[in-house]
There are 2 protein chains.
Amino acid sequence: MIFSSKLIEDAVQEFAKLPGIGKKTALRMVLQILKMEKGGVDAFTTAISRMRNEIRFCSQCHNVSDGDICAICSNPSRNHSQVCVVETIRDVIAIESTQQYNGLYHLLGGILSPLDGIGPEQLNIETLRKRIKDNQIEELIMALSPTIEGDTTVYYIARQIQGLPVKITTIARGISFGGELEYADEMTLARSIAKRQPIENYVNTGN
Amino acid sequence: MIFSSKLIEDAVQEFAKLPGIGKKTALRMVLQILKMEKGGVDAFTTAISRMRNEIRFCSQCHNVSDGDICAICSNPSRNHSQVCVVETIRDVIAIESTQQYNGLYHLLGGILSPLDGIGPEQLNIETLRKRIKDNQIEELIMALSPTIEGDTTVYYIARQIQGLPVKITTIARGISFGGELEYADEMTLARSIAKRQPIENYVNTGN
């Protein structure tokens with residue numbers, strides 16, 4: 001693409017550095033910003049600068065945080081005896097958005113993946129062990145990727161905290177809501193049959 | 001979506017104001033920016049601020065410009081007797097990217113569209129008339145949308161500059177390269193047959 005303005009070109013190039021943004025999309029955004037009020041553009045750039053410069057990571061769960069301890073860990077009305085182990089902040093946002101979970105989190109920062117050079121030292125596993133040891137944590141809910149690497153990570157963590165008085169569970173796997181049986185992969189389908197669950201509040205009236 | 005950090009939430013909300021960016025995409029961008037070096041983020045926000053605050057519009061062709069006269073209008077090696085009339089800066093970038101056009105441009109800022117309340121006063125038509133009158137412009141190349149509104153605009157401009165010594169042409173319309181005949185609309189196909197062109201450098205050797 002050839003731009004007749006260096007200012008536009010620079011802005012497009014900066015936008016195109018973001019993931020999933022090609023030059024055409026970047027240009028569309030730049031032209032939209034050109035139409036915005038100057039105050040709106042200032043709010044945009046300030047929000048981004050502030051976020052990058054002021055963000056911190058919770059010293060307890062490694063989630064992004066506005067202070068030393070994040071809003072979730074410092075919330076006294078949450079259940080501090082449950083810790084949900086996830087990979088990244090994205091997973092926290094997804095689970096929080098369900099509004100069904102009231103415990104705490106622990107962000108590993110990824111999962112074990114020898115091929116990508118990610119071993120236990122690259123993940124926040126040691127801090128998890130210490131956290132369980134030093135706090136009254138009763139349940140560790142593993143919410144990692146449903147892959148070989150995810151399962152390996154669950155197994156590794158279970159080994160690391162062996163002997164500590166904590167129950168380990170994993171989130172249920174099965175057919176998604178709205179998912180069609182015929183398109184489910186064999187492993188998921190096999191597992192969802194093996195782990196079948198009773199229907200609650202159902203009374204068999206047959207005689 | 002529920003964020004545990006106000007800094008993240010603000011940044012996501014600002015990104016989500018851009019066209020075609022939903023909350024999920026905005027979050028992906030924000031998380032990417034979190035991973036960037038602080039210097040890189042500064043370059044990003046500075047490029048955007050500078051663009052919005054320093055951009056100007058060429059007093060001659062209305063294109064975005066870094067100065068009073070844009071880089072195209074002030075380039076002496078371009079053909080100043082040809083002016084290509086387009087709607088927006090996007091069209092200029094598209095035509096410039098072909099590297100086949102060496103004349104100047106005139107940005108109307110849109111096309112006549114009574115339904116959207118866009119009349120001749122909202123477009124840069126009067127400045128075009130003045131430009132043709134005051135300069136040695138020999139050809140006006142109309143490169144507007146191939147729609148009723150586009151054709152109406154061409155017709156309106158032709159009426160406005162009636163009597164001025166300038167030739168008016170429009171860009172060729174027809175089947176796109178790689179386009180398939182069976183998917184072309186009737187109007188385009190009919191027009192491309194009516195306006196058929198001789199094959200250059202072809203010598204009929206039949207006897």
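Look up a bit, the structure's there.
The structure presented is a predicted model; accordingly, all values stated were derived computationally and were not measured.

Draft legend 1. Spotlight on the packing of helix H3 (residues 38-54) of chain A against helix H3 (residues 38-54) of chain B. In contact at an axis separation of 10 Å, H3(A) and H3(B) are set at 175° when each is read in the N-to-C sense. Relative to H3(B), the element H3(A) is oriented roughly antiparallel. Here A:Lys38, A:Val41, A:Asp42, A:Phe44, A:Thr45, A:Ile48, A:Ser49, A:Arg52 and A:Asn53 of H3(A) come into contact with H3(B), specifically with B:Lys38, B:Val41, B:Asp42, B:Phe44, B:Thr45, B:Ile48, B:Ser49, B:Arg52 and B:Asn53.

Draft legend 2. Local environment of the interface of chain B and chain A. With 53 residues of chain B in contact, the opposing surface of chain A contributes 53 residues. Both sides of the chain B and chain A interface together cover about 5,200 Å² of buried area, and 72% of this is carbon and sulfur. The three residues of chain B that bury the most area against chain A are B:Leu7, B:Met51 and B:Arg52, which together make up 14% of that side's buried surface. Viewed at the interface, chain A and chain B are joined by zero salt bridges.

Draft legend 3. Summary view of the relation of the copies chain B and chain A. For the pair chain B and chain A, the superposition axis carries a translation of 0.0 Å, the fit reaches an RMSD of 0.1 Å, and the rotation angle comes to 180°. Both chain copies can therefore be described as sitting about a two-fold axis. Among all C-alpha atoms of chain B, that of B:Thr45 lies closest to the rotation axis, at 2.6 Å. Interface overlap between copies: 100% of the residues of chain B at the interface are likewise at the interface in chain A, consistent with a symmetric, same-surface contact.

Draft legend 4. Structural context of the side chain of A:Thr153. Residues and elements named next belong to chain A. Its place among the elements puts threonine 153 in helix H6 (residues 148-160). Here threonine 153 falls in the buried class, since its relative accessible area comes to 0%. Within polar-contact distance, the side chain of threonine 153 engages the backbone nitrogen of leucine 112 at 3.1 Å.

Draft legend 5. The sheet that holds strand S6 (residues 167-170) of chain B, seen in detail. Residues and elements named next belong to chain B. Taken in spatial order, the four strands of this open sheet run S4-S3-S5-S6, and their pairing is parallel. Both edges of this open sheet fall to strand S4 (103-107) and S6, since each of them pairs with a single strand only. On average, each strand axis in the sheet is tilted by 25° relative to the strand beside it, whichever way the strands run. The pairing of strand S3 (residues 79-86) with strand S5 (residues 139-142) spans four bridges and is classified as parallel. Residue pairing across strands places valine 85 opposite methionine 142, the latter belonging to S5. Packing of helix H6 (residues 148-160) onto the sheet brings it into contact with S3, S5 and S6, and relative to S5 it is tilted by some 160°.

The rules behind these values
Residues numbered from 1 in each chain as written. Chains lettered and ligands numbered in written order. Predicted model: local features only at pLDDT ≥ 70, side-chain atom pairs only at ≥ 80, totals over all residues. Heavy atoms only, no water. Axes fitted to C-alpha atoms, helices over the stretch in contact; angles between N-to-C directions. Helix = DSSP H or I, 4+ residues; strand = E, 2+ residues; numbered from the N terminus. Parallel < 35°, antiparallel > 145°, perpendicular 65-115°, else oblique. Contact = heavy atoms within 4.5 Å. Buried area = accessible area lost by both parts, 1.4 Å probe. Salt bridge = Lys/Arg side-chain N within 4 Å of Asp/Glu carboxyl O. Least-squares fit on C-alpha atoms with pLDDT ≥ 70 in both. Buried < 20%, exposed > 50% of the residue type's maximum accessible area, 1.4 Å probe, protein only. Polar contact = N/O pair within 3.5 Å; in protein donor to acceptor, adjacent residues only side chain to side chain. Pairing = 2+ DSSP bridges.

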